[in-house]
Amino acid sequence: MQVQTLKANGEWLTANSDLSKALSPEASSQKPVAGIYIHIPFCKQACSYCNFHFSTSLANKDALLIALHEELRLRLDYLAGADIESIYFGGGTPSLLSAKEIENLLEAISSLYTVTSNAEITLEANPDDLTSDKVWELKGTLVNRLSIGIQSFYDDELKYMNRAHTAKEGFAALERAKNAGFRSLTMDLIYGTPLLTEQRWIESLQRVADFGIPHLSAYQLTIEPKTVLAHQINKGISPAPNDEATVRQFEMLMDWAIDFEYEHYEISNLAKPGHRAVHNSNYWKGIPYLGIGPSAHSFNGREREWNIANNALYINGIAKGNARQGIETLTEKELYNEYMMTGLRTVEGVEIVKLSRYALHFQEHFMESVIPYLTQGKVRFTGGSWILTRTGKFLADRIASELFVV
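Residues numbered from 1 in each chain as written. Predicted model: local features only at pLDDT ≥ 70, side-chain atom pairs only at ≥ 80, totals over all residues. Heavy atoms only, no water.

Here the structure, examined in full by the defined rule, presents 20 salt bridges. Glu120 is the partner of Arg145 in a salt bridge, and the nearest nitrogen-oxygen pair spans 3.8 Å. With Arg145 in strand β6 (residues 145–151) and Glu120 in strand β5 (residues 115–125), this pair connects stretches of sequence that are 25 residues apart. By relative accessible area, Arg145 is classed as buried at 4%. Since its relative accessible area comes to 8%, Glu120 is described here as buried. Among the salt bridges present, the one from Asp255 reaches Arg390, with a minimum N-O distance of 2.7 Å. In this pair, Asp255 is assigned in helix α9 (residues 243–259) and Arg390 in helix α15 (residues 390–393), connecting sequence segments 135 residues apart. Residue classification places Asp255 among the partly exposed residues on the basis of a relative accessible area of 29%. One salt-bridge network, in which partners are shared between bridges, spans Glu71, Arg75, Glu305 and Arg324. (Salt bridge = Lys/Arg side-chain N within 4 Å of Asp/Glu carboxyl O. Helix = DSSP H or I, 4+ residues; strand = E, 2+ residues; numbered from the N terminus. Buried < 20%, exposed > 50% of the residue type's maximum accessible area, 1.4 Å probe, protein only.)

Within helix α16 (residues 396–403) the residues assigned to the buried category are Ala396, Ile399, Ala400 and Leu403. For α16, the buried positions fall inside an angular range of 100° around the axis, keeping them on one side. Those residues of α16 that are buried lie in contact with α12 (332–345), α14 (360–375), β16 (379–382), β17 (385–388) and α15. (Arc of directions from axis to C-beta. Contact = heavy atoms within 4.5 Å.)

This part is about the sheet that holds β17. Spatially, β15-β17-β16 is the arrangement adopted by the three strands of the open sheet, whose pairing is antiparallel. Since the sheet does not close on itself, it has two edges, and those belong to β15 (350–351) and β16, each with one partner. In the sheet, β15 pairs with β17 via two bridges, with the strands oriented antiparallel. In the sheet register, Val350 faces β17, and the bridge partner there is Trp386. The sheet strands contacting α14 are β15, β16 and β17, and the helix crosses β16 at an angle near 115°. (Pairing = 2+ DSSP bridges. Axes fitted to C-alpha atoms, helices over the stretch in contact; angles between N-to-C directions.)

Glancing now at the packing of aromatic side chains. For the coordinates displayed, the defined rule picks out 16 aromatic pairs. Ring geometry for Trp256 versus Phe260: centroids 5.9 Å apart, planes at 35°, classification tilted. Residue Phe260 is classed as partly exposed on the basis of its relative accessible area, which comes to 29%. Site record: aromatic cluster; members linked through ring pairs are Tyr191, Trp201, Phe250 and Phe394. The lysine or arginine in question, Arg200, covers the ring of Tyr154, its NZ or CZ lying 4.3 Å from the ring centre. (Phe/Tyr/Trp six-rings, centres within 6.5 Å; stacked < 30°, edge-to-face > 60°. Lys NZ or Arg CZ within 6 Å of the ring centre and 35° of its normal.)

Let us look at the nonpolar core. Among the nonpolar cores identified, the biggest contains 93 residues, and Ile36, Phe89, Leu216 and Phe366 are the most heavily contacted of them. Excluding residues that lie within four positions of it along the chain, Leu216 makes contacts with Thr186, Met187, Leu189, Leu205, Val208, Leu253, Trp256, Ser268, Asn269 and Leu270. (Core = buried A, V, L, I, M, F, W, Y, C linked by side-chain atoms within 4.5 Å.)

Taking 1.5 Å of rise per residue, the 14 residues of helix α7 (residues 198–211) would be expected to cover 20 Å, and the 20 Å separating its terminal C-alpha atoms lies within 8% of that figure. The complete set of buried residues in α7 reads Arg200, Trp201, Ser204, Leu205, Val208 and Phe211. Down the axis of α7, the buried set is contained in an arc of 130°. They therefore lie on one face. Those residues of α7 that are buried lie in contact with α5 (155–160), α6 (167–179), β7 (185–191), β8 (215–220) and α9. Downstream of α7 by a residue or two, Gly212 has a phi angle that is positive, lying close to 70°. (Expected span 1.5 Å × (residues − 1).)

All right, on to the pairing of β6 then. Burial within β6 is extensive, with seven of its seven residues counted as buried. Bridge count for β5 against β6 is four bridges, and the pairing is parallel. The partner of Thr122 across the bridge, within β6, is Arg145. Direction of pairing for β6 relative to β7: parallel, over a ladder of four bridges. Residue pairing for β7: Leu146 is matched across the bridge by Leu185.

Glycine aside, residues mostly have negative phi angles, and peptide bonds mostly take the trans form. Here the residue pair Gly91 and Gly92 is connected by a cis peptide bond, since its omega of 20° sits within 30 degrees of zero. Within the secondary structure, Gly92 sits in the loop between β4 (83–91) and α3 (99–112). For Lys226, which is not a glycine, the phi torsion comes out positive at approximately 70°. Residue placement: Lys226 occurs in the loop between β8 and α8 (228–234).

Moving on to the environment of Thr342. Within the secondary structure, Thr342 sits in helix α12. Residues Thr342 and Leu189, 153 residues apart in the sequence, show an inter-C-alpha distance of 21 Å. There is a polar contact of 3.4 Å between the side chain of Thr342 and the backbone oxygen of Trp284. (Polar contact = N/O pair within 3.5 Å; in protein donor to acceptor, adjacent residues only side chain to side chain.)

Overall, the predicted model of the protein reaches an average pLDDT of 93, with 93% of residues at or above 70. Ignoring residues within four places in sequence, the model shows residues 1–28, a span with pLDDT below 50, making 44 contacts including any to other chains. (pLDDT = per-residue confidence, 0-100.)

This next bit is on the packing of α12 against α14. The description of two helices packed together rests on the angle between their axes and the distance between the axes. Contact pair α12 / α14: the axes reach a minimum separation of 11 Å and the direction vectors enclose 35°. Relative to α14, α12 is oriented so that their crossing is right-handed. Touching Glu332, Lys333, Tyr336 and Met340 of α12 are Phe362, His365 and Phe366, all from α14. Of the residues in the contact of α12 with α14, the class split is four nonpolar, one polar and two charged. (Left-handed = near helix turned anticlockwise from the far one by under 90°. Nonpolar A, V, L, I, M, F, W, Y, C, P; charged D, E, K, R; others polar.)

Rendered as structure tokens:
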């Protein structure tokens, strides 16, 4: 039976109802997959722009590690037996843990959950932690992907952000990781700082290519409320970012991706073929994940949960059997709005197959709201998806919000 589903460019599209069912996740014969995120809430010092949960004291590290192990056991049923295809150590600064502490957590996961043989296992690391000995110790664990927080190759910018490492340590960390045999490497760079000139940005991106780094996360500096940097800018202690310079640097990033054959597969993420981040890509696809640790979030496809963002309260909560602070069941409207935000940020865009799973009035709202952006050339329809154009990428968040159902 042929059924009308939704409009694209003013024309009704039809889809075979049997095909629509076959494309639904319920009809898949493959075992579902999921991810595990482990939040390590410790840092040597506070970056001025950071609003994540962390502590600069390691006093209760051992107790927190015990709690992480216990939470992995307590939350065993959350993912309903799905295979784990990605594990991500984030923070905070996970590289403050020893290789043995990291390996113990991975062994605990493997003993409790079914981890796929090719699972992506990522560890965020600060350059100053990646001594030669530390890198080789990490190479001896199951960690197969390092995410190195370079942020900048210039000392004055690192000082502006109050980073703990120097530019020299950043270069050394990349060399050590490569020499140790880590082939799956990603690094972070921040653009839009007031000290970042166009020439510096060109040089920074060139260094990414020269090092042969297969994945880059390039984030625009955002001044978050209640951060040290927000306070410094408000008081005139530190200069504020320049919006025009930031836009130009994003444009240069897109040009660089083309020139050096990096796929710009998400607004802030670029990769060589075969090196997309599995864990983060699954976030954007709406695949379930379990978050372990203080402030960590979890998502099972319909409900979102989050843990207490306090180390001591988290430890005490786990000892009593639950450190969860909140839970919400997402409505269809909220799921639709999240899909608008995440879908448009990716190279896959908003896909007909996925959009057609929502109620008809959501589809109709989308089709009506997207028309002005199609007309303006900010969005194009191709291959069954609505995708941001180059000019549309500058307005990704604004366009997504215009497509929201309120």
